[in-house]
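Here is what each chain is made of, one letter per residue.
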Amino acid sequence: QCHQNTAALVAEIEKLPGVELRFPGPYFHEIVIKLPVQAEPVLEKMSRQGILAGYDLGETDWDLGNCMLTNVTEVKTVDDIDRFVSCLATALEDS
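Given the structure is predicted, the values throughout are model-derived calculations rather than measurements.

About the criteria used
Every chain is numbered independently, its residues counted from 1 as its sequence is written. For this predicted model, a pLDDT threshold of at least 70 governs which residues receive local features, and a threshold of 80 or more governs which side-chain atom pairs are given and counted, while totals over whole chains, interfaces and linings are taken from all residues. Side-chain calculation: all heavy atoms of the structure are included, whereas hydrogens and water are not. Each axis is a line fitted through C-alpha atoms, and for a helix only the stretch in contact is used; angles between axes span 0 to 180 degrees, taken between their N-to-C directions. Numbering of helices and strands runs from the N terminus, with a helix taken as a DSSP run of H or I at least four residues long and a strand as a DSSP run of E at least two residues long. Just so you know how the angles are binned, under 35 degrees is roughly parallel, over 145 roughly antiparallel, 65 to 115 roughly perpendicular, and the rest oblique. Definitions for this section: a left-handed crossing has its near helix turned counterclockwise from the far helix by less than a right angle. A right-handed crossing has that turn clockwise. Here, residues are in contact when the closest pair of their heavy atoms is within 4.5 Å. Salt bridges are defined by distance alone: a side-chain nitrogen of Lys or Arg within 4 Å of a carboxyl oxygen of Asp or Glu. Residue exposure (1.4 Å probe, protein chains only): buried if accessible area is under 20% of the type maximum, exposed if over 50%, otherwise partly exposed. When DSSP finds two or more bridges between a pair of strands, those strands are recorded as paired. Here the nonpolar core consists of buried residues drawn from Ala, Val, Leu, Ile, Met, Phe, Trp, Tyr and Cys, with membership extended through side-chain atoms lying within 4.5 Å.

Overview of the packing of helix 1 (residues 2–13) against helix 3 (residues 78–93)
Here's step 1: In contact at an axis separation of 10 Å, helix 1 and helix 3 are set at 30° when each is read in the N-to-C sense. The angle between helix 1 and helix 3 places the two elements in the roughly parallel class. Along this stretch, helix 1 crosses helix 3, giving a crossing that reads as right-handed. Taking contact as the criterion, the partners of Asn5, Ala8, Leu9, Glu12 and Ile13 in helix 1 are, on helix 3, Ile81, Phe84, Val85 and Leu88.

A few points about the pattern of salt bridges
Here's step 1: In the structure shown here, the tally under the stated rule is three salt bridges.
Here's step 2: Here arginine 48 makes a salt bridge to glutamate 44, at a shortest N to O gap of 3.5 Å. Here arginine 48 pairs with glutamate 44, and both are found in helix 2 (residues 39–48), just four residues apart, close to one helical turn.
Here's step 3: For glutamate 44, a relative accessible area of 37% translates into the label partly exposed.

Description of the sheet that holds strand 1 (residues 20–21)
Here's step 1: Reading across from one edge, 1-2-4-3 is the order of the four strands in this open sheet, with antiparallel pairing throughout. The open sheet has two edge strands, strand 1 and strand 3 (55–56), and neither has a second partner.
Here's step 2: Pairing between strand 3 and strand 4 (residues 67–71): two bridges, direction antiparallel. The partner of aspartate 56 across the bridge, within strand 4, is methionine 68.
Here's step 3: Across the sheet, helix 1 is in contact with strand 1, strand 2 (30–34) and strand 4; its angle to strand 2 comes to roughly 10°.

Some words on the nonpolar core
Here's step 1: In terms of nonpolar packing, the biggest core is built from 25 residues, with Ile13, Leu35, Met46, Met68, Phe84 and Leu88 touching the most fellow members.
Here's step 2: At the level of secondary structure, the elements contributing two or more residues to this core comprise helix 1, strand 2, helix 2 and helix 3.
Here's step 3: Here the element with the most residues in this core is helix 3; it accounts for eight residues.
Here's step 4: The residues contacting phenylalanine 84, other than those within four sequence positions of it, are Leu9, Ile13, Ile33, Met46, Ile51, Ala53, Met68 and Thr70.

Dropping the structure here:
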């Protein structure tokens, strides 16, 4: 279920302009999402909407400042994934 949920999230976020996997290839439940903007303000905006969306990889590697590490587990529902994608899209529009 973890992998299925992660695959569902990947399929949806890749529909957003400028959003893609930073490291394409096999994954299980953790992915690195590359954004068209810095990750920190996007994560902050999503947090204000009640979504702890991931970790700003720019905190540990300047070259990954527009990337966030995100985890999807078996307890997430289709509605949770849809809400994540919707909040991500809104946060990107506001950035």
